[in-house]
Amino acid sequence: MDTLTRMRAFIDVVEAEGFSAAARKIGRSKALLSKYVRELEDDLGVRLLNRTTRQFSLTESGHTYYHRATEILRELDDLQDSISESSGDVRGKIKLTAPRSFADASLGMSLIDFCADHPEIALDIHLDDRFVDLVEEGFDLAIRITRLQDSSLIAKRLSAFHTVVCASPDLIARLGMPETPEQLREMPCIIDTNSRSRNNWQFRNQDGSMMTVAIRGPLEVNSPLTTMAATVKGLGFSVLPRFVADGELNKGTLVPVLLDYMLNDGGIYAVYPHRTYLPAKVRLLVDYLAKWFKDNPCKELTNDEA
């Protein structure tokens, strides 16, 4: 059995956080994966994994080996991609991370459409609202919704990104329509803790200067969908991504407020590690997403629509 096969088995087990989970994911038996990892440890003369019936963890040597092995296999995969590209045959798997709200909204169809149009490329999508280290965790690509700041990564802007402050009609009837952001300090607000601003909401004054408003309310949650549900229920005002709130705004169950004060200078980006060679499969996906968003633009809400 060659070293590369054992190396891939070890990486599969680490990334799945266990032999059973890895076996289910890649369609091989738990016993076979255990055999490959044990043979790899025997060849190296070190223990890579601490494993009992209840616990699973990497040893110090395991951490080192995992990160270097991931880099080596990525380089080999990239080499294979370059050869395949020259022959016009682009295939393989892309390990991708994206926010849950992106996949749960209509924007997630961009990835589903890609899979339908390119069955020769498999997407391994990990939905996670935390900030994922692409290099450390071995991802080929990330979809990020942000004001991009990390210059160590390469990013392609796919679309504008707009947020909206909104509330239910009943809440506005009860408390009144806020005319300035400062009034939110005295009103209940729902806080999406995934947002970088959390309970310090940022706005832009009419003269272009920035304003931060400290808010509070009955609920803090790390989910824009739950934030929206609480807002529809009338628990408070909230800041929501426009692509999440669109349906409720169109139905009238949510009402937009303070449109003239919104920043709306963020974007949706395809982000990937800085590499000498970008695999053809990743470039194909990035180009596909750019066209998809051009054909399906995210629109900004204006006062005329409100």
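- As annotated in an unreviewed UniProt entry, the protein chain carries the name DNA-binding transcriptional LysR family regulator and is attributed to Pseudochrobactrum saccharolyticum.
- Listed in UniProt under the heading Sequence similarities (unreviewed entry), the comment for the protein chain reads: "Belongs to the LysR transcriptional regulatory family."

## Overview of the sheet that holds strand β7 (residues 163-167)
- Taken in spatial order, the three strands of this open sheet run β12-β7-β13, and their pairing is antiparallel. Two strands in the sheet have a free side with no partner beyond their single neighbour: β12 (238-241) and β13 (255-257). For this sheet, the mean inter-axis angle between neighbouring strands, taken without regard to orientation, is 55°.
- As judged from the four bridges shared by β7 and β12, these two strands associate in the antiparallel manner. When the bridges of β12 are listed, V165 appears paired with V239.

## Some words on the pairing of strand β8 (residues 188-192)
- Counting buried residues along β8, four of its five residues qualify, which places the element largely inside the surrounding structure.
- Alignment of β8 against strand β11 (residues 216-221), held across four bridges, turns out to be parallel. Looking across to β11, one finds that D192 is bridged to V221.

## What about a nonpolar patch on the surface?
- Nonpolar side chains collect at one region of the surface, where L4, I72, L76 and L79 lie side by side and expose about 310 Å² of accessible area between them.
- It is helix α4 (residues 60-86) that provides the largest number of residues to the nonpolar patch, a total of three residues.
- Examined against the element boundaries, L79 turns out to sit in helix α4.

## Thoughts on the nonpolar core
- F102, L141, I143, L158 and I268 are the most contacted members of the largest nonpolar core, which has 36 residues in total.
- Per element, the largest residue contribution to this core is eight residues, and it comes from helix α11 (residues 280-295).
- In terms of domain composition, this core takes at least three residues from each of domain 2 (92-159 + 266-295) and domain 3 (163-261).
- Core analysis: the second largest hydrophobic core is formed by 20 residues, A9, I11, L49 and A69 among them.

## So, the packing of helix α2 (residues 19-26) against helix α3 (residues 30-44)
- One way to put it is that α2 packs onto α3 with a least axis distance of 8 Å and a crossing angle of 115°. Of the possible angle classes, the one that applies to α2 and α3 is roughly perpendicular. Seen along the crossing, α2 lies across α3 with a hand that is right-handed. Facing α2, whose interface residues are F19, S20, A22, A23 and I26, α3 presents K30, L33, S34 and V37.
- Partitioning the contact of α2 with α3 into residue classes produces six nonpolar, two polar and one charged.

## Observations concerning helix α1 (residues 3-16)
- Relative to the 20 Å expected for 14 residues at 1.5 Å per residue, α1 spans 20 Å between its end C-alpha atoms, a close match to the ideal helical length.
- Capping the start of α1 is the job of one residue whose side-chain oxygen sits 3.1 Å from the backbone nitrogen of L4: D2.
- Positive backbone phi, approximately 65°, marks E17, located one or two places after α1.

## Details of the packing of aromatic side chains
- Taken as a whole and assessed by the stated rule, the structure comprises four aromatic pairs.
- Each ring, one from W292 and one from F293, has its centre 5.1 Å from the other, and the planes form 70°; the classification is edge-to-face. One exposure class covers both W292 and F293, and it is buried.
- Residue placement shows K95 over the ring face of F139; its charged tip is 4.6 Å from the ring centre.

About the cut-offs
Residues numbered from 1 in each chain as written. Predicted model: local features only at pLDDT ≥ 70, side-chain atom pairs only at ≥ 80, totals over all residues. Heavy atoms only, no water. UniProt positions renumbered as here; feature names shortened; annotations may be inferred. Pairing = 2+ DSSP bridges. Helix = DSSP H or I, 4+ residues; strand = E, 2+ residues; numbered from the N terminus. Axes fitted to C-alpha atoms, helices over the stretch in contact; angles between N-to-C directions. Buried < 20%, exposed > 50% of the residue type's maximum accessible area, 1.4 Å probe, protein only. Patch = residues over 30% accessible without salt bridge, like charges linked within 9 Å, V, L, I, M, F, W, Y side chains within 5 Å. Areas by Shrake-Rupley, 256 points an atom, 1.4 Å probe, with all protein chains shown as cover. Salt bridge = Lys/Arg side-chain N within 4 Å of Asp/Glu carboxyl O. Core = buried A, V, L, I, M, F, W, Y, C linked by side-chain atoms within 4.5 Å. Domains from an automatic or database assignment. Parallel < 35°, antiparallel > 145°, perpendicular 65-115°, else oblique. Left-handed = near helix turned anticlockwise from the far one by under 90°. Contact = heavy atoms within 4.5 Å. Nonpolar A, V, L, I, M, F, W, Y, C, P; charged D, E, K, R; others polar. Expected span 1.5 Å × (residues − 1). Polar contact = N/O pair within 3.5 Å; in protein donor to acceptor, adjacent residues only side chain to side chain. Phe/Tyr/Trp six-rings, centres within 6.5 Å; stacked < 30°, edge-to-face > 60°. Lys NZ or Arg CZ within 6 Å of the ring centre and 35° of its normal.

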